[in-house]
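A structural walkthrough
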Amino acid sequence: MAKQPKRIQAWTGDRLAAHSVEDAVKLVKANAKAKFDESIEIAVNLGVDPRHADQQVRGVVNLPSGTGRDVRVAVIAKDAKAAEATAAGADIVGAEELVERIQGGFMEFDRVIATPDMMALVGRLGKVLGPRGLMPNPRVGTVTPNVAQAVKDAKGGAIEFRTEKTGIIHAGIGKASFTEEALLANVRALVDALNRSKPSGAKGTYIKKISLSSTMGPGFRVETGSFGAA
């Protein structure tokens, strides 16, 4: 049997047991020992079947402690709305010319926001942005006339979540350098948002399993009862 790398041998904590959310955060931070500031991620297994329209889970949540990363925001707008987006701190702003750049392969952004009047143009980008989860959508606040606030939210810690084909939601909820309190606040905010987004078609146990991990560290199961989740 091949010998495990030293970093894996150095992992601490019971990876089979379910921990309270407070203990799970402590364990994840304790095992994030890479030479860079590791991302802390959450995986939530939901009791839904996303193939059915009434069981899809998608939304946006403002993480109170931020994400710890610089989010590059592109805004598709023109005239006064374009000026508002620029003033709010958007990284790339444009209309027809920006759509053409994206169609040509330009992808130097993490979030795309558009004004409602631009959706005829934005529709051309469905095949490019859709598979990457970047297509603007009014349900998550990325199609809005209030582009300035949307840019500020994106820069300040707003993240989108959506179920994958297997009913799992993955999201980054901070960095290893965050305090335990900051990470706990972000985890709770996301789980609360998921509970509020419970679809009408969900039957039985909604939040089935939760785990936390860092980029290079092990994953730790979290007791769903830590959140009062059913």
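First things first, this report covers the structure right here in the doc.

Quick word on the overall build of the chain
Regarding its fold elements, the chain presents eight helices and ten strands. For 230 residues, the compact-globule formula gives about 17 Å, and the C-alpha radius of gyration of the chain, at 19 Å, lands near that figure. By residue count, 47% of the 230 residues in the chain fall in the buried class. Once local pairs closer than 6 in sequence are excluded, the contacts in the chain between residues at least 24 apart make up 72%. Element-wise, carbon and sulfur atoms account for 50% of the exposed surface of the chain, whose accessible area totals about 11,700 Å². Distance between charge centres in the chain, computed from 32 positive and 25 negative side chains, equals 6 Å.

Thoughts on the packing of aromatic side chains
For the coordinates displayed, the defined rule picks out one aromatic pair. The lysine or arginine in question, Arg101, covers the ring of Phe106, its NZ or CZ lying 3.9 Å from the ring centre.

Here's the deal with the side chain of Thr67
Tracing the backbone through its elements, the reader meets Thr67 in the loop between strand E3 (58-62) and strand E4 (73-76). Residue class for Thr67 comes out buried when judged on its relative accessible area of 13%. One polar contact links the side chain of Thr67 to the main-chain amide nitrogen of Arg69, over a distance of 3.3 Å. Residues within four places of Thr67 in sequence aside, it is in contact with Gly157, Ile159, Gly174, Lys175 and Phe178.

Rules used in this analysis
- Residues numbered from 1 in each chain as written.
- Predicted model: local features only at pLDDT ≥ 70, side-chain atom pairs only at ≥ 80, totals over all residues.
- Heavy atoms only, no water.
- Helix = DSSP H or I, 4+ residues; strand = E, 2+ residues; numbered from the N terminus.
- Rg over C-alpha atoms; globule rule 2.2 N^0.38 Å.
- Buried < 20%, exposed > 50% of the residue type's maximum accessible area, 1.4 Å probe, protein only.
- Contact = heavy atoms within 4.5 Å.
- Areas by Shrake-Rupley, 256 points an atom, 1.4 Å probe, with all protein chains shown as cover.
- Lys, Arg positive; Asp, Glu negative; His and termini not counted.
- Charge placed at Lys NZ, Arg CZ, Asp CG, Glu CD.
- Phe/Tyr/Trp six-rings, centres within 6.5 Å; stacked < 30°, edge-to-face > 60°.
- Lys NZ or Arg CZ within 6 Å of the ring centre and 35° of its normal.
- Polar contact = N/O pair within 3.5 Å; in protein donor to acceptor, adjacent residues only side chain to side chain.

All we've got here are geometric facts, nothing functional implied.
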